[in-house]
Amino acid sequence: MTAHGHADVARGTWAAVGTFVLWGLAPLYWHLLKAVPSLQIVLHRVVWSALLVAGFLAWRDGRHWLRDVLAGQPRLRWMLLLSGLLISSNWGLYIWAVNAGHVVETALGYFINPLLNVVIGVLFLRERLRPLQWASVAIAAVGVVWLTVRYGQFPWIAIALAVSFGVYGVLRKLAHVDSVTGLGVESAYLFVPVLGVLLWSEAHGAGGFLPQGGAACYGPAIDVLLVLSGLVTALPLVGFAYAVRRISLTSVGLLQYIAPTLQFLIGVFVFAEPFDRSRLVGFACIWLALAVFVVDNIRQSRRVRPAELA
């Protein structure tokens, strides 16, 4: 690999680390907005991040940046439309879960996500699993089944977050567009309908962002946090898309454990969510599966590197 290639990988790695640290600490930010309905938070995230990214792209690439990037690329249009819908649904579920006291289960979802990426590779990309990869997926499945049986409820929050973000990562890997532009196109697709819903809710006294007669208003502090949610949304997504274009999905998957680890610690030690022995057994299966997964990746990388050098 050339010096330029090494530098590119290094930048991608640091972008991934920063991204997952920000995502790991995100529950602390969204908890500050607990008084705001989850749907309203998502609407504001889309609007303010769209304005922020569109303004930057207009400054960098000119005011016709959207037309230029999509010209003659119908496949890219559909891919970014789908990825935008996936990430917005992921946001909505995640914020609701955080403010409803399910931070630990959101962490479970992002612990499962790297293993789910392996399954997605088998189902949709015709990849083959090595024996230890099959073992890690099987152990994780045991953990999910245990949590389902023990608590009498399928961990749908965790699975839905893992599936939506896993498919989103694959789409952004396959979409041949730079990270900021891709986020700008995703936001542009969502901006008009989301802005319409937001304005309608404000006009009917359900928004709370602006004072409307006798309707309750969130106040300037919450309003500022809602506006800054655009920055909190855009920065990690740009970092994630930047990283997946420069380092392997395996590397992204390994670094991805930073976010759920921080979320888990926040859920247990900051928000004091319940974490009894039965839940520990389910999580232990997931952690064991991840350990097997990491060991297999390390062994494989040691085998591949001498072959590449030869």
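Criteria and cut-off values
For every chain, the first residue of the written sequence is number 1, and numbering continues from 1 onward in sequence order. Residue-level local features of this predicted model are given only where pLDDT is at least 70; pairs of side-chain atoms are given and counted only at 80 or more, and the full residue set underlies all totals for whole chains, interfaces and linings. Only hydrogens and water are removed before side-chain values are computed, so all heavy atoms of the structure are retained for them. Helix and strand assignments come from DSSP, with helices taken as H or I runs of at least 4 residues and strands as E runs of at least 2, each series counted from the N terminus. Radius of gyration here is computed from C-alpha atoms only, and the compact-globule reference equals 2.2 Å multiplied by the residue count raised to the power 0.38. Exposure categories follow from relative accessible area, calculated using a 1.4 Å probe and restricted to protein chains: below 20% of the type maximum is buried, above 50% is exposed, and the middle band is partly exposed. Put simply, two rings from Phe, Tyr or Trp (the six-membered ring, in Trp's case) pair if the centres are within 6.5 Å, and we call them stacked under 30 degrees between planes, edge-to-face over 60, tilted for the rest. Working rule: Lys NZ or Arg CZ, within 6 Å of ring centre, within 35 degrees of ring normal, means a charge sits over the ring. Contacts are assigned to residue pairs that have any heavy atoms within 4.5 Å of one another. Among buried residues, the Ala, Val, Leu, Ile, Met, Phe, Trp, Tyr and Cys ones that are joined through side-chain atoms within 4.5 Å form a nonpolar core. Take the residue count of a helix, subtract one, and multiply by 1.5 Å to get its expected span. The charge count treats Lys and Arg as positive and Asp and Glu as negative. His and the chain ends do not count. Salt bridge, as used here: a side-chain nitrogen of Lys or Arg that lies within 4 Å of a carboxyl oxygen of Asp or Glu. Counted as a polar contact is a pair of N or O atoms within 3.5 Å, where, for protein atoms, one must be capable of donating a hydrogen and the other of accepting one, and residues adjacent in sequence contribute only when both atoms are in side chains. Inter-axis angles, ranging from 0 to 180 degrees, are taken between N-to-C directions of lines fitted to C-alpha atoms, where helices are fitted over the stretch in contact. Angle categories: roughly parallel below 35 degrees, roughly antiparallel above 145, roughly perpendicular from 65 to 115, and oblique for all the rest. Two helices crossing with the near one rotated counterclockwise from the far one by less than a right angle form a left-handed crossing, whereas a clockwise rotation gives a right-handed crossing. Gly counts as polar in this scheme, as do all residues outside two lists: the nonpolar Ala, Val, Leu, Ile, Met, Phe, Trp, Tyr, Cys and Pro, and the charged Asp, Glu, Lys and Arg.

### What to know about the overall build of the chain
Link 1 in the chain: In terms of helices and strands, the chain carries twelve helices and zero strands.
Link 2 in the chain: Shown N-terminal to C-terminal, the secondary structure of the chain runs as helices and strands in the order α-α-α-α-α-α-α-α-α-α-α-α.
Link 3 in the chain: For the chain, the C-alpha radius of gyration of 20 Å lies close to 19 Å, the compact-globule estimate for 310 residues.
Link 4 in the chain: Counting only C-alpha atoms, the chain reaches 70 × 50 × 30 Å along its principal axes.
Link 5 in the chain: A burial count over the chain gives 46% of its 310 residues as buried.

### Here we look at unusual backbone geometry
Apart from glycine, the bulk of residues carry a negative phi angle, and the bulk of peptide bonds sit in the trans form.
Link 1 in the chain: A positive phi angle, close to 55°, is found at Ala272, a residue other than glycine.
Link 2 in the chain: Relative to the helices and strands, Ala272 is located in the loop between helix 11 (258-270) and helix 12 (277-309).
Link 3 in the chain: Given the relative accessible area of 60%, Ala272 is considered exposed.

### What to know about the packing of aromatic side chains
Link 1 in the chain: Applying the stated criterion across every chain yields a total of 19 aromatic pairs.
Link 2 in the chain: Taking the centre distance of 5.2 Å and the plane angle of 90° together, the rings of Tyr29 and Trp30 count as edge-to-face. For the residue pair Tyr29 and Trp30, the accessibility class agrees, reading buried in each case.
Link 3 in the chain: Summarising the aromatic geometry, the rings of Phe275 and Phe283 are spaced 5.3 Å apart at their centres and angled 80° between planes, so their arrangement reads as edge-to-face.
Link 4 in the chain: With relative accessibility at 2%, the residue Phe283 sits in the buried group.
Link 5 in the chain: An aromatic cluster of at least three residues, connected via ring pairs, comprises Phe20, Trp23, Tyr94, Tyr110, Phe165, Tyr168 and Phe240.
Link 6 in the chain: Note that Arg246 overlies the ring of Tyr242, its terminal NZ or CZ placed 3.7 Å from the centroid.

### Let's talk about the side chain of Asn113
Link 1 in the chain: Mapped onto the elements, Asn113 comes out in helix 5 (residues 103-124).
Link 2 in the chain: The contact partners of Asn113, leaving out residues within four places of it in the chain, are Ala162, Phe165, Gly166 and Gln256.

### A closer look at the nonpolar core
Link 1 in the chain: Membership of the largest hydrophobic core comes to 58 residues, with the highest contact counts inside it found for Trp30, Leu33, Tyr94 and Phe240.
Link 2 in the chain: Listing elements by their share of this core, those giving two or more residues are helix 1 (3-31), helix 2 (38-61), helix 3 (65-70), helix 4 (74-99), helix 5, helix 7 (156-174), helix 8 (179-203) and helix 9 (220-244).
Link 3 in the chain: No other element matches helix 4, which puts eleven residues into this core.
Link 4 in the chain: Once you skip the residues sitting within four places of it in the chain, Leu33 turns out to touch Ile41, Asn99, Ile222, Leu225 and Leu226.
Link 5 in the chain: Of all hydrophobic cores here, the second largest spans 21 residues; its members include Ile112, Val118, Phe264 and Ala289.

### Things to note about helix 2
Link 1 in the chain: With 24 residues, helix 2 should cover 34 Å at 1.5 Å per step; its first-to-last C-alpha distance of 34 Å lies within 8% of that length.
Link 2 in the chain: Remark: Gly62 follows helix 2 within two positions and exhibits a positive phi of approximately 100°.

### Looking at the side chain of Glu202
Link 1 in the chain: Tracing the backbone through its elements, the reader meets Glu202 in helix 8.
Link 2 in the chain: Among buried Asp, Glu, Lys and Arg side chains, Glu202 stands out as unpaired, with Arg45 the closest opposite charge at 16 Å.
Link 3 in the chain: One polar contact links the side chain of Glu202 to the main-chain amide nitrogen of Phe209, over a distance of 3.0 Å.

### Description of the packing of helix 2 against helix 4
Link 1 in the chain: Interaxial distance between helix 2 and helix 4 falls to 9 Å at its minimum, and their mutual angle equals 140°. Here helix 2 is positioned oblique relative to helix 4, judged by the angle of their axes. Of the two elements, helix 2 crosses helix 4, and the hand of that crossing is right-handed. Residues Ser38, Ile41, Val42, Arg45 and Val46 of helix 2 form the contact with helix 4, whose own contacting residues are Ser88, Trp91, Gly92, Ile95, Trp96 and Asn99.
Link 2 in the chain: Residue composition of the contact of helix 2 with helix 4, grouped by class: six nonpolar, four polar and one charged.

### Things to note about helix 4
Link 1 in the chain: With 26 residues, helix 4 extends 38 Å from end C-alpha to end C-alpha; this agrees with the ideal 38 Å at 1.5 Å per step.
Link 2 in the chain: Among the residues trailing helix 4, Gly101 stands out with phi positive, at a value near 85°.

### Focus on the pattern of salt bridges
Two side chains that carry opposite charge are able to pair once their charged atoms sit near each other.
Link 1 in the chain: One pass over the full model with this rule turns up five salt bridges.
Link 2 in the chain: Arg60 is paired through a salt bridge with Asp61; the nearest N and O atoms lie 2.9 Å apart.
Link 3 in the chain: Under the relative-accessibility criterion, Asp61 is labelled partly exposed at 38%.
Link 4 in the chain: A salt bridge links Asp178 to Arg60, with the nearest nitrogen and oxygen atoms 3.5 Å apart.

### A few points about the environment of Ile247
Link 1 in the chain: Looking at where Ile247 falls in the secondary structure, it is placed in the loop between helix 9 and helix 10 (249-255).
Link 2 in the chain: Looking at Ile247, the relative accessible area reads 6%, which means it is buried.
Link 3 in the chain: When the C-alpha atoms of Ile247 and Ala16 are compared, they prove to be 9.1 Å apart, with 231 residues separating the residues in sequence.
Link 4 in the chain: What Ile247 contacts, discounting residues up to four positions off in sequence, is Val9, Gly12, Thr13, Ala16, Lys173, Val252 and Leu255.

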